[in-house]
Structures are given as C-alpha cells and as structure tokens.
Amino acid sequence: MFTHRLATEADLDTLRGLMLAAIETNQRGFLTPAQVAASHSLMGLDTQLVADRTYFIVECDGRIAGCGGWSYRAGVYGGDHSTALRNATPLDPATDPARIRAMYTHPDFVRRGVGRLILEVCEAAARAAGFRHVVLMGTLSGEPLYRASGYAVAEHRADTVGDVEVPLIRMTKRLD
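Residues numbered from 1 in each chain as written. Predicted model: local features only at pLDDT ≥ 70, side-chain atom pairs only at ≥ 80, totals over all residues. Heavy atoms only, no water.

**Brief notes about the overall build of the protein**
- On a plain count of helices and strands, the protein comes out with five helices and seven strands.
- Each helix and strand of the protein, placed in order from N terminus to C terminus, yields the pattern β-α-α-α-β-β-β-α-β-α-β-β.
- In terms of overall dimensions, the protein is globule-like: its C-alpha atoms have a radius of gyration of 15 Å, near the 16 Å expected for 176 residues.
- By residue count, 50% of the 176 residues in the protein fall in the buried class.
- The long-range share in the protein, meaning contacts at least 24 apart out of those at least 6 apart in sequence, stands at 71%.
- Put simply, the protein shows about 8,100 Å² of open surface, and 52% of that area lies on carbon and sulfur atoms.
- In the protein, which carries 19 positive and 20 negative side-chain charges, the distance between the mean positions of the two groups comes to 4 Å. (Helix = DSSP H or I, 4+ residues; strand = E, 2+ residues; numbered from the N terminus. Rg over C-alpha atoms; globule rule 2.2 N^0.38 Å. Buried < 20%, exposed > 50% of the residue type's maximum accessible area, 1.4 Å probe, protein only. Contact = heavy atoms within 4.5 Å. Areas by Shrake-Rupley, 256 points an atom, 1.4 Å probe, with all protein chains shown as cover. Lys, Arg positive; Asp, Glu negative; His and termini not counted. Charge placed at Lys NZ, Arg CZ, Asp CG, Glu CD.)

Below, the structure is given as structure tokens:
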C-alpha cells in the first residue's frame with residue numbers, strides 16, 4: 001500500500017504544504033493554538049536533508065502520505081528558516097548519534113503506519129552509514145510513535161518563540 005523514495009528538489013513545494021497541514025492539524029490536542037503557531041518557527045523543511053539525499057517520502061496511490069529523514073550533520077531539528085538551530089558539522093558515526101529529522105504525516109494518513117515506515121527506512125540508512133545510535137527531537141504528538149518504536153526519553157525541554165514555550169522531547173535509540 002505504501003511506497004517510499006528519496007525526496008528531490010522537485011518535491012519541495014509539495015513537502016512544504018504537507019508540513020504546514022501536519023503542524024496545523026496533528027499538533028491539535030497536544031498544544032495550545034499559540035504553541036501550534038509558534039511551532040512554525042521551529043519546524044519545517046530543511047532542504048539540506050534533501051540535498052544530502054537523506055530525506056524520504058512515503059506515497060500512497062500517488063499522494064504523499066508523509067516524509068522524514070535522517071542526518072549525518074549535527075543539527076537536531078529546525079528548518080531552513082530557523083538558522084539558529086542549524087549546524088551542518090558532519091558527525092562521526094563511531095561516536096555520534098545520527099539524527100532523525102523532520103518527520104511529518106499528512107493528516108489524511110495518521111495512525112496508518114506512515115511514521116513507523118519512515119523511521120524504519122531512516123534507521124536502516126543510518127545503520128548502513130555506520131551509525132550505532134540515533135537521536136531525535138520529538139513533539140508531544142510524535143512521542144507515542146517514538147516510544148512504540150523503541151525510543152527512550154533523554155530530556156524534556158521547551159523552546160521559546162517570543163513568549164510562547166513549545167514543549168519538545170529529546171529521544172534516543174540504539175541501532176545495534
């Protein structure tokens with residue numbers, strides 16, 4: 001039912017639309033409206049992942065159902081617009097965890113295995129690149145999926161946008 005492929009530059013506009021819909025819809029019930037609005041400053045498309053060929057798209061019947069990636073760079077979260085969060089320093093697979101990044105599921109496809117498939121594909125790619133563990137910065141809406149997929153909470157924190165705190169959860173998993 002679902003297929004996956006690497007994202008390309010031709011997908012960028014579609015990915016931006018999916019991310020907007022996912023942030024606006026999937027965060028409801030977990031965040032206040034002010035926190036959802038503030039989330040746009042912290043989340044979004046990081047085109048470096050697409051350029052690095054570490055960003056995947058999951059499709060169903062010709063529609064993009066979700067997207068997500070992994071990174072061998074030091075940044076843990078953030079999009080092109082959140083430059084303070086970006087860090088392109090390459091990681092050492094022998095000592096550093098790979099990053100699971102920018103996971104989004106289109107609202108029409110939530111709770112159907114899209115997120116789990118993205119995680120599996122990303123973890124396999126990171127493992128193939130020599131990484132032995134991964135880290136991600138999850139949202140409250142993503143935490144149940146990450147826990148069910150073997151991730152452990154390392155830290156609860158918040159990032160502040162203006163006067164609004166957006167809760168985040170740093171989670172880790174061993175790949176070996």
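The structure having been displayed, the exposition proceeds.
**Points about the environment of Ala154**
- When you line up the elements, Ala154 lands in strand β6 (residues 152-161).
- With near-sequence residues (within four places) excluded, Ala154 lies in contact with Arg170, Met171 and Thr172.

**A closer look at unusual backbone geometry**
- Of note, Arg53 is a non-glycine position whose phi angle comes to about 60 degrees, a positive value.
- Within the secondary structure layout, Arg53 lies in the loop between α3 (47-51) and β2 (55-60).
- Judged by relative accessible area, Arg53 falls into the partly exposed class, the value being 39%.
- One non-glycine residue with positive phi stands out, namely Arg111, at about 60 degrees.

**Digging into the sheet that holds β6**
- The seven strands lie next to each other as β1-β2-β3-β4-β5-β7-β6, forming an open sheet whose pairing is mixed. Taken across any chain shown, the strands that pair with only one partner, and hence form the sheet edges, are β1 (3-6) and β6. Between one strand and the next, the sheet's axes are offset by a mean angle of 25 degrees, whatever the strand orientation.
- With six bridges joining them, β2 and strand β3 (residues 63-71) adopt antiparallel strand pairing. Each bridged residue has a counterpart across the sheet, and for Val58 the counterpart in β3 is Gly66.
- Contacts from helix α2 (residues 33-42) reach β6 and β7 (164-174) within the one sheet, and its direction differs from that of β7 by about 60 degrees.
- On the sheet, helix α4 (residues 114-128) packs against β1, β2, β3, β4 (98-105), β5 (133-138) and β7 and is oriented at approximately 35 degrees with respect to β3. (Pairing = 2+ DSSP bridges. Axes fitted to C-alpha atoms, helices over the stretch in contact; angles between N-to-C directions.)

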